[in-house]
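Chain and residue survey
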Amino acid sequence: MHFIGKDIDQYLSQREYVDTAVVPLLELNLSETGLKSSAGASEYLQSLTALLEKQFKGRILLFPPVSYTAGADRTRMAEEISSEMEKGGFRHVFYMTTDAQWRSMESLKNVLWLPAIPTGDMDRNFKQSVMEDQLRQVLPLFLNEWS
Amino acid sequence: MSNNRVSRRQFLGYTLTGVGGFMAAGMLMPMVRFAVDPVLQQKGTSDFVLTDQRVEDITEEPVRVDFTFEQQDAWYTSEVTNSAWVYKEGDRLIALSPVCKHLGCTVNWAGDPNHPNQFFCPCHAGRYEKNGQNVPGTPPLGPLDEYDVQEQDGFVAIGAAKENTLTV
């Protein structure tokens, strides 16, 4: 489910089934050199999480990307986000990101780090198949966590 | 001069009836037009979306067929890709919606190794028979929806979703 009013109504009535939160973590980089790749990573991350949401609509709640700047204190962010997620009462929380700095973060469980693939210049069908390949790599991680 | 002369009274009567008639018609016509308009309205050229799946390649084993259409969401138009599970029963094409009737996940054919001839929803282990009938005792409450489906120039074309007609 998406983090939108309509889905949240359904979420509230079906809480026992929707036990997993997905939080995309997105670094904003507006420097001359980083802008393009930052935007590409954003596109990649959002397409991937949208596909994931479509596959597991009834079990995950997909949050909007949490965006931060390059210099953000990730340790503090990790604490804040995970404590907020705890309030939500989710049994499983996944963080998806293309930012390698989260990999070393001990306090966050289930950080899925994926290298961003620049999909911006691909044609539609090719992009679709690339993203589905990516999705296939992520799905088992979810199924493992659930089982 | 003819014998049946029109009197001034008659002339005024005819004129007023005529003019009144035009005015009444002018008011009634649009009303009638509005009332029958939905019937006259033309549907878009075709509600079927052509896919790139050949009909001759389809067997009795359901395959996933993707189709893309434009969806307008208030001011935002986006291209949406949906998929359907398509298989043949005899010569008849059947397309089932992959959307689980429980909470809307995407179901997979033979997704559960223990039940190779059923659709399986990975979220809460919902299962459906091949014709879309939900397996009792699993979370889904109804059968999978069905799509209108037809063959166009040898390719599968997928239409509107409707309630499942295969299960009784």
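This text follows the structure it describes.
The text that follows walks through the structure, step by step, so that each part is easy to find. (Residues numbered from 1 in each chain as written. Chains lettered and ligands numbered in written order. Predicted model: local features only at pLDDT ≥ 70, side-chain atom pairs only at ≥ 80, totals over all residues. Heavy atoms only, no water.)

A few words on the overall build of chain A. Counting its secondary structure elements, chain A contains 4 helices and 5 strands. For chain A, the α and β elements follow one another from N to C terminus as α-β-α-β-β-α-β-β-α. In terms of overall dimensions, chain A is globule-like: its C-alpha atoms have a radius of gyration of 15 Å, near the 15 Å expected for 147 residues. Taken along its principal axes, the extent of the C-alpha atoms in chain A is 45 × 40 × 30 Å. Accessible surface computed for chain A: about 8,000 Å², of which carbon and sulfur atoms make up 53%. Side chains of chain A give 15 positive and 20 negative charges; the mean places of these two sets differ by 4 Å. (Helix = DSSP H or I, 4+ residues; strand = E, 2+ residues; numbered from the N terminus. Rg over C-alpha atoms; globule rule 2.2 N^0.38 Å. Areas by Shrake-Rupley, 256 points an atom, 1.4 Å probe, with all protein chains shown as cover. Lys, Arg positive; Asp, Glu negative; His and termini not counted. Charge placed at Lys NZ, Arg CZ, Asp CG, Glu CD.)

Okay, the sheet that holds strand 1 (residues 49-54) of chain B next. Residues and elements named next belong to chain B. Read from one edge to the other, the open sheet built from 6 strands follows the order 1-9-8-4-3-2, with strand pairing classed as antiparallel. Looking at strand neighbours, the two that pair on one side only are strand 1 and strand 2 (63-73), the edges of this open sheet. Strand after strand, the sheet turns through a mean of 40° between neighbouring axes, direction not considered. Here strand 2 pairs with strand 3 (residues 76-89) via 11 bridges, running antiparallel. Bridge pairing in strand 3 places Q72 opposite T77. (Pairing = 2+ DSSP bridges. Axes fitted to C-alpha atoms, helices over the stretch in contact; angles between N-to-C directions.)

Time to look at the packing of aromatic side chains. By the definition in use, this model includes 12 aromatic pairs over all chains. With 5.5 Å between their ring centres and 85° between their planes, F67 of chain B and Y147 of chain B make a pair best called edge-to-face. You can see F67 of chain B sitting in strand 2 and its partner Y147 of chain B sitting in strand 8 (residues 146-152), a full 80 residues away along the chain. Comparing F67 of chain B with Y147 of chain B shows no difference in burial state: the two are buried. Here R59 of chain A stacks its cationic end above the ring of W146 of chain A, 4.2 Å away from the centre of that ring. (Phe/Tyr/Trp six-rings, centres within 6.5 Å; stacked < 30°, edge-to-face > 60°. Buried < 20%, exposed > 50% of the residue type's maximum accessible area, 1.4 Å probe, protein only. Lys NZ or Arg CZ within 6 Å of the ring centre and 35° of its normal.)

Glancing now at the side chain of D7 of chain A. Residue and element names in this part refer to chain A. Here D7 lies in helix 1 (residues 5-13). The class for D7 is buried, based on a relative accessible area of 6%. Among all residues touching D7, those that are not within four sequence positions of it are M1, H2, E53 and K57. (Contact = heavy atoms within 4.5 Å.)

Among the nonpolar cores identified, the biggest contains 34 residues, and L52, M96 and F142 of chain A are the most heavily contacted of them. The set of elements that each furnish at least two residues to this core consists of strand 1 (20-28), helix 2 (35-55), strand 2 (60-62), strand 4 (92-97) and helix 4 (124-146) of chain A together with strand 3, strand 4 (92-96) and strand 6 (119-121) of chain B. Counting residues per element, this core draws most heavily on helix 4 of chain A, at 6 residues. Contact partners of M96 of chain A, with chain neighbours within four places excluded, come to V22, V23, P24, L25, L45, L48, T49, L52, L112, L114 and V138 of chain A. Membership of the second largest hydrophobic core comes to 21 residues, among which are Y11, A21 and V23 of chain A together with L103 of chain B. (Core = buried A, V, L, I, M, F, W, Y, C linked by side-chain atoms within 4.5 Å.)

Positive phi values are uncommon outside glycine, yet N110 of chain A reaches one of about 55°. You can see N110 of chain A is positioned in the loop between strand 4 and strand 5 (111-113). Positive phi is not limited to glycine here, since D153 of chain B has a value of about 55°. Positionally, D153 of chain B belongs in the loop between strand 8 and strand 9 (155-162). On the basis of relative accessibility, which here comes to 76%, the residue D153 of chain B falls in the exposed class.

A rise of 1.5 Å per residue sets the reference length of helix 1 (residues 8-40) of chain B, with its 33 residues, at 48 Å; its end C-alpha atoms lie 46 Å apart and thus fit the reference within 8%. Within helix 1 of chain B, the axis deviates most sharply at F34 of chain B, by approximately 35°, and proline P38 of chain B lies no more than four positions further along. (Expected span 1.5 Å × (residues − 1). Bend = angle between axes of the 7 residues up to and from the residue.)

What follows covers the sheet that holds strand 7 (residues 126-128) of chain B. All names here are of chain B. Strand order in this open sheet of 3 strands is 5-6-7, and the pairing throughout is antiparallel. With one partner strand each, in any of the chains shown, strand 5 (108-109) and strand 7 form the two edges of the open sheet. Of the pairings in the sheet, the one linking strand 5 to strand 6 comprises 2 bridges and is antiparallel in character. Pairing of N108 across the sheet is with F120, part of strand 6.

The next point concerns the interface of chain A and chain B. With 15 residues of chain A at the contact, the number on the chain B side is 15 residues. One can count 2 salt bridges joining chain A with chain B. Here E79 of chain B ties to R124 of chain A by a salt bridge, and the two come within 3.1 Å at their closest N and O atoms. In this structure, the connection of chain A to chain B is made through 9 residue pairs in polar contact (both at pLDDT 80 or more). Those elements that provide at least two residues to the side of chain A that touches chain B are helix 2 and helix 4 of chain A. In terms of residue count, the dominant contributor to the side of chain A that touches chain B is helix 4 of chain A (5 residues). Looking at side-chain class alone, the side of chain A that touches chain B contains 5 nonpolar, 5 polar and 5 charged residues. (Salt bridge = Lys/Arg side-chain N within 4 Å of Asp/Glu carboxyl O. Polar contact = N/O pair within 3.5 Å; in protein donor to acceptor, adjacent residues only side chain to side chain. Nonpolar A, V, L, I, M, F, W, Y, C, P; charged D, E, K, R; others polar.)

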